[in-house]
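Here are the chains, one letter per residue:
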Amino acid sequence: MTISEPPVKDRQDYDGRSPFPGAEQHPPANGVQVGLTAAIVVLPFIALVVAIFASWGQGIALTDLLLAAIFYVVTGLGVTIGFHRLLTHGSFTARPWLRVVLAVAGSMGFQGNVLDWVAVHRRHHAFTDRPGDPHSPYRYGTGLRGQLRGLAHAHLGWLFSDDRTPITRYAPDLLADRAMSRVARAFPALCALSLTLPFLLGWAISGTLYGALTAFLWAGLIRVALLQHVTWSVNSLCHVIGSRPFRTRRHDRSTNLWPLALLSFGESWHNGHHSEPTCARHGLQRGQLDPSAAMIRLFERLGWASDVHWPDPARILRRRARAPVIDSSDDRYR
Ligand SMILES: [Zn+2]
Ligand SMILES: [Zn+2]
């Protein structure tokens, strides 16, 4: 296992343009890990290609489309509201049952177990776009070739490297939380459930094995592939393309990328998020669509969420890129 945190000197010497020290070293992960990751990453994508050929000229059944949309929304919000805004950043407090429901829904998104996900993401905030960031598109420098390699690495190449993020260091709070540890242990079962449920629902609704299989394809595999690539695009594209209206820490190049706002449930307002990591709303400017924040607002109205960190207008104004630096107290992820 490689060391996840680079020496302080490497981080201080980093100029924001060069490849990260040791970027070319790629200690291979063990065979089982690579095989499992490959299956999780590649199979849904192959399914997409198969589905396009299979349904060419005959379209998709409305049932499959609706089922896919429902599973996409539930598992997607599990990741954005549960894994990310609640468990990584503590941007609100949820009733214990809601916390578990969100963690279960997020686990069904095939993005790793909740403890690993949170640890990796907190590490990303601690070292954004500097040596130590697990998935920065600037890993190989800012030249064109390095940038393209970096984008591939940030999108999914990082999943295949043996660069484990210690949970004990980055998510000790969740490790001590028995409910979260249980959800993490149930990750393989929840992945299986995430594919089995569409199959069974497809069977129940259509009454045929063919209906079960097409539901499995669209609401299972393809829905998983789409959510994975949207989440990974936030790691890759939302650090390269888009606007940077808010100040972030040195070297942090997170961006706001509007075309992904709806599909990512508001997570592509990534510059706003990196500027105010503990804020429950990532779309900090007028008109920025943020379905996750809207859902958190609904949870709050229902009395299921409390202590929600909503944007503070005066603070947001101070975070504007052109505003004078007033405070720099945000060297933290939660
Ligand atoms: Zn980021
Ligand atoms: Zn975050």
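Residues numbered from 1 in each chain as written. Chains lettered and ligands numbered in written order. Predicted model: local features only at pLDDT ≥ 70, side-chain atom pairs only at ≥ 80, totals over all residues.

Some words on the nonpolar core
- Within the largest apolar cluster, 34 residues are counted, with the highest numbers of intra-cluster contacts made by Val114, Leu115 and Val118.
- At the level of elements, helix 3 (62-88), helix 4 (96-107), helix 5 (114-126), helix 9 (178-185), helix 10 (187-206) and helix 13 (291-301) are the ones that each hand at least two residues to this core.
- With residues up to four places along the chain from it excluded, the contact list for valine 114 reads Phe83, Leu87, Ala103, Gly106, Ser107, Leu174, Met180, Val183 and Ala184. (Core = buried A, V, L, I, M, F, W, Y, C linked by C-beta atoms within 7 Å. Buried ≥ 20, exposed ≤ 12 C-beta atoms within 10 Å, placed from the backbone. Helix = DSSP H or I, 4+ residues; strand = E, 2+ residues; numbered from the N terminus. Contact = placed C-beta atoms within 7 Å.)

Some points on the packing of helix 10 against helix 11 (residues 209-236)
- The N-to-C vectors of helix 10 and helix 11 enclose an angle of 140°; their axes lie 7 Å apart at closest approach. Comparing the axis directions of helix 10 and helix 11 gives the class oblique. As helix 10 packs across helix 11, the resulting crossing turns out to be right-handed. Facing Leu195, Pro198, Phe199, Leu201, Gly202, Trp203, Ile205 and Ser206 of helix 10, the residues of helix 11 in contact are Gly211, Ala212, Thr214, Ala215, Phe216, Ala219 and Gly220. (Axes fitted to C-alpha atoms, helices over the stretch in contact; angles between N-to-C directions. Parallel < 35°, antiparallel > 145°, perpendicular 65-115°, else oblique. Left-handed = near helix turned anticlockwise from the far one by under 90°.)

Some words on the UniProt feature "transmembrane region" (unreviewed entry) in the protein
- Per the UniProt record, "transmembrane region" (unreviewed entry) is found at residues 34-53, 65-84, 96-120, 183-203 and 209-226.
- The span residues 34-53 shows a helical share of 100% and a strand share of 0%, and its end C-alpha atoms are spaced 28 Å apart.
- For residues 96-120, helix accounts for 76% and strand for 0%, while the C-alpha atoms at its two ends are 23 Å apart. (UniProt positions renumbered as here; feature names shortened; annotations may be inferred.)

Looking at unusual backbone geometry
- One non-glycine residue, aspartate 129, adopts positive backbone phi at about 55°.
- By the secondary structure assignment, aspartate 129 is in the loop between helix 5 and helix 6 (144-155).
- Judged by local crowding, aspartate 129 falls into the buried class, with 26 C-beta atoms found within 10 Å.
- Positive phi, close to 55°, is recorded for phenylalanine 265, a residue that is not glycine.
- Among the secondary structure elements, phenylalanine 265 is positioned in the loop between helix 11 and helix 12 (270-275).

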